Amino acid sequence: YGCAIELAQQILKRTWTEGFTSGCQTVTLFLTDGAPSDDHHDAIKLITDFNDETDHIFYYTLGRSAPRDVMREMACATKGIYTHVDDGDEVGLKKALSGYYKLLSTFIAQTQSEHVSYSEPYSSIPDIFGPVTSAVVPVFDKSDSDNWKFLGVAAADIPVCQLESVIGQSWEGLDSTKEEIEEQFKGDTSQGCDCLPGEFKYDGRTFDYSKDGCTAYDWSKPWCATPAGCGICDRQVKPSGCWDECHPSAESELVELKLQKLSNVCTPSTLSECTLHLLRQEADPEGGCINEPTDCV
């Protein structure tokens, strides 16, 4: 388990370094269908040394061969939440993997935040509006003014072109200037790679960068095939096995940076022992951790 935890922590560090985070709550889902090949206590130490009150881990065992006691112990030792899913239980799996929404909704209700968040721009389906962003706001039952109950969200899709005139062309208040963004646009892609000229293949389809440029197929941003060793090399794109997102224009990057800044609002909130206990009890009715509170309602 230690290798998986280390890799997850490396990914989290990268998101913090590159700014792909609201700086609010971090949630990791740890799934296993078999026993660890190392000492799980080493994984526990990695987690406790790395995590703080804003980091949360959901642990899942899948099937009869999974070590329930081990994962439950890890959850108890790291302020996590554990759930078991039986073999073939697709409904139970979906319910379990969406459990982290209850944790996040708890924080939203505690802070009584009605802040509007915006998604990363994406292509609409069918693509008749160009890039679109989703504006999302939480909805509460406020009948008890001291204890709001989170009900869900209300959302609306907005074409980015409509926001450009509203947001304007000012870079004031942003961490990056237009010149800095344009300086980053070296090479054809976000990681400084060149797009491979000619044809490339993905998902049984053939694309031609020389003729059509970057493609938005199966991804929220335009992308292209890149040389081997440059970009995201997951071996899904042929012939090189690598790809990357194409550079946007400075103007579209301005809109995205402003949407990100508007969305990156976090009201600090901590999880009380009773709240954690009740979430654990719902996720793992047969389990429990030592020294948990007994007077929670």
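Analysis parameters
- What you see as residue numbers is a count from 1 along each chain, following the sequence as written.
- Whole-chain, interface and lining totals are the exception, using all residues; otherwise, since this is a predicted model, local features are given only for residues with pLDDT of at least 70 and side-chain atom pairs are given and counted only at 80 or more.
- Side-chain metrics rest on all non-hydrogen atoms present in the structure, leaving aside hydrogens and water.
- In this text, buried Ala, Val, Leu, Ile, Met, Phe, Trp, Tyr and Cys residues form a nonpolar core when linked through side-chain atoms within 4.5 Å.
- Only protein chains enter the accessibility calculation, which uses a 1.4 Å probe; a residue is then buried when its area is under 20% of its type maximum, exposed when over 50%, and partly exposed in between.
- Going along the chain from the N terminus, every DSSP run of H or I of four or more residues is numbered as a helix, and every run of E of two or more is numbered as a strand.
- Residues are treated as being in contact if the distance between any of their heavy atoms lies within 4.5 Å.
- In this description, the term disulfide denotes a pair of cysteine sulfurs within 2.5 Å.
- Counting of polar contacts relies on pairs of N or O atoms within 3.5 Å, with two restrictions inside protein: one atom must be capable of donating a hydrogen and the other of accepting it, and residues adjacent in sequence are counted only when both atoms are side-chain atoms.
- Any two strands are treated as partners once DSSP identifies two or more bridges connecting them.
- The axes used here are C-alpha line fits, helices contributing only the stretch in contact, and every angle between their N-to-C directions lies in the interval 0 to 180 degrees.
- The term salt bridge refers to a side-chain nitrogen of Lys or Arg lying within 4 Å of a carboxyl oxygen of Asp or Glu.

A. Summary view of the nonpolar core. If you look at the biggest cluster of nonpolar residues, it comprises 13 residues, and the most contacted ones within it are Tyr1, Phe30, Ile47, Tyr59, Met71 and Met74. Mapped onto this core, the elements with two or more residues apiece are α2 (40-50), β2 (55-62) and α3 (68-77). Among the elements that take part in this core, α3 stands out by supplying four residues, more than any other. Apart from residues no more than four positions distant in its own chain, Tyr59 is found in contact with Phe30, Ile47, Met71, Met74, Ala75, Thr78, Gly80, Ile81, Tyr82 and Thr83. Grouped together as the second largest cluster of nonpolar side chains are nine residues, Phe58, Ala96, Leu103 and Leu279 included.

B. Representation of the state of the cysteines in the model. Within the structure shown, the criterion is met by five disulfides. Two residues, Cys193 and Cys230, share a disulfide whose sulfurs are 2.0 Å apart. On the sign convention where negative means left-handed, the S-S torsion of about -95 degrees between Cys193 and Cys230 marks this disulfide as left-handed. Of this pair, Cys193 sits in the loop between α7 (178-184) and β8 (199-202) while Cys230 is found in the loop between β10 (223-226) and β11 (242-245), placing the two residues 37 residues apart along the sequence.

C. Just the side chain of Thr215, in detail. Along the chain, Thr215 falls in the loop between α8 (209-212) and β10. Polar contacts involving the side chain of Thr215 include one to the main-chain amide nitrogen of Tyr217, which spans 3.1 Å. The residues touching Thr215, leaving out its near neighbours within four places in the chain, are Phe200, Phe207, Lys221, Pro222 and Trp223.

D. Focus on the sheet that holds strand β3 (residues 81-85). Pairing is parallel in the open sheet, where three strands are placed in the order β1-β2-β3. A strand with exactly one partner marks an edge of an open sheet, and here the two such strands are β1 (26-32) and β3. Within this sheet the neighbouring strands show an average axis-to-axis angle of 20 degrees, counted without direction. The sheet contact formed by β2 and β3 spans five bridges and is parallel. Across the sheet, residue Tyr60 finds its bridge partner in β3, namely Thr83.

E. Inspection of the pattern of salt bridges at higher detail. Scanning the model with the defined rule gives eight salt bridges in all. Linking Asp86 and Arg68 is a salt bridge whose minimum nitrogen-to-oxygen distance equals 3.7 Å. Linking Asp86 in the loop between β3 and α4 (90-97) with Arg68 in helix α3, this pair joins segments that are 18 residues apart in sequence. Among the residues examined, Asp86 registers a relative accessible area of 44% and is labelled partly exposed. Of the charged contacts in the structure, one is a salt bridge between Glu292 and Arg280, with a shortest N-O distance of 2.8 Å. Of this pair, Glu292 sits in the segment after α10 (273-283) while Arg280 is found in helix α10, placing the two residues twelve residues apart along the sequence. Under the relative-accessibility criterion, Glu292 is labelled buried at 15%. Bridged by salt links that share partners, the residues Asp69, Arg72 and Asp284 form one connected network.

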